[in-house]
Amino acid sequence: MRKEIVALILLLIMVGGAIWNCSHINNMSVELTFMLKKANTYEDVEAVINKWVQEERYTHMALRHSEVDTITSDLYTALEFLDNKEEFDAAKNRVIWRLERIQAMEQIRWGTVF
Amino acid sequence: MGVTDVAVILIRTMIMFVVVYAATRFMGKRQLGQLELSELIVALLIADLAAQPLSDIGVPLINGLIPVMFLLCGEILISGAALKSKRFHDFLWGKPNMLVESGKINLRELRRSRISLDELAEALRKKNIFDLADVKYAVFETDGTISAIMEHPRPKADRIALQDNKNS
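Residues numbered from 1 in each chain as written. Chains lettered and ligands numbered in written order. Predicted model: local features only at pLDDT ≥ 70, side-chain atom pairs only at ≥ 80, totals over all residues. Heavy atoms only, no water.

Trainee: Is there a simple way to explain the overall build of chain B in this structure?
Mentor: Looking only at helices and strands, one finds 7 helices and 4 strands in chain B. Its helices and strands taken in sequence order, chain B reads α-α-α-α-β-β-α-α-β-β-α from the N to the C terminus. In chain B, buried positions account for 28% of the 168 residues. Relative to all contacts within chain B whose residues are 6 or more apart in sequence, the contacts with residues 24 or more apart total 53%. (Helix = DSSP H or I, 4+ residues; strand = E, 2+ residues; numbered from the N terminus. Buried < 20%, exposed > 50% of the residue type's maximum accessible area, 1.4 Å probe, protein only. Contact = heavy atoms within 4.5 Å.)

Below, the structure is given as structure tokens:
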């Protein structure tokens, strides 16, 4: 009986952890997307990068490393195009799309399950 | 592949080995030949899932650990429930099938178990049974083995004689 109780507790911890992970990734993506949409200056983009880098330890544990590295790379690319509004907006949209994709992948939907 | 990659793979392998070993011990595994269907499936899945973060360091280690732990917990709960409920046990792992009764082959059970006459004869020969008339019961167990009970168990002296004949 003891093994079953331990197994049940572990299972509940994993389910709770999964729900918390969904919520955390969702909140992080929403916050970064909001900051990025408002970003127009070097300091704004830098603030987004700092926020993203702060989460890097968690994101590297929870997400595929290639996804994390791609977003980091795209954020620095956006910095490069600050002087050109069109290119800057395109770079920002690319990052926003990737963030929304990560958010969607962590949700339980038909597309993610199947 | 750089030195850092190799070191990461080494560390991941050690972690995964410890986790899978601990999981298998915690499940209280029987020998491979005695695994029930769900246990075999869990064992196969764990082997595959545990290997994924080892072959690709871009995959987070947790992508292998979580499914392994989940399967472990699921298997323990399922086997615990099967112990408590005979109905659930039969639903999960089926019931043994009586293939031979008092020397007579039950063809219907044989067909249901998808075993041919040749396979049955082979299984009985492996138990040193060469005459069907000697078999009281032959049962197709839930772990896939065939067990047989003799009509008249051989006396010990005969068994020793058989052994002597084999050696000479």
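Trainee: Explanation requested: the interface of chain B and chain A in the structure shown.
Mentor: Contacts between chain B and chain A engage 18 residues on the former and 15 residues on the latter. Counting across the chain B and chain A interface gives 1 salt bridge. The shortest N-O distance in the salt bridge between Asp56 of chain B and Arg64 of chain A comes to 3.2 Å. On inspection of chain B and its partner chain A, the count reaches 3 residue pairs in polar contact (both at pLDDT 80 or more). Of all the elements in the fold, those that place two or more residues in the side of chain B that touches chain A are α1 (3-27) and α3 (62-84) of chain B. The leading source of residues in the side of chain B that touches chain A is α3 of chain B, at 9 residues. Residue classes in the side of chain B that touches chain A are distributed as 12 nonpolar, 3 polar and 3 charged. (Salt bridge = Lys/Arg side-chain N within 4 Å of Asp/Glu carboxyl O. Polar contact = N/O pair within 3.5 Å; in protein donor to acceptor, adjacent residues only side chain to side chain. Nonpolar A, V, L, I, M, F, W, Y, C, P; charged D, E, K, R; others polar.)

Trainee: Would you mind showing me how to read the pattern of salt bridges here?
Mentor: All names here are of chain B. Scanning the entire structure with this criterion turns up 9 salt bridges over all chains. The salt bridge partner of Asp90 is Lys86, with a shortest N-O separation of 2.9 Å. With a gap of 4 residues between them, Asp90 and Lys86 both fall in helix α4 (residues 86-93), about one helical turn apart. With relative accessibility at 59%, the residue Lys86 sits in the exposed group. In this structure, Glu109 and Arg112 form a salt bridge, with 3.2 Å as the shortest nitrogen-oxygen distance.

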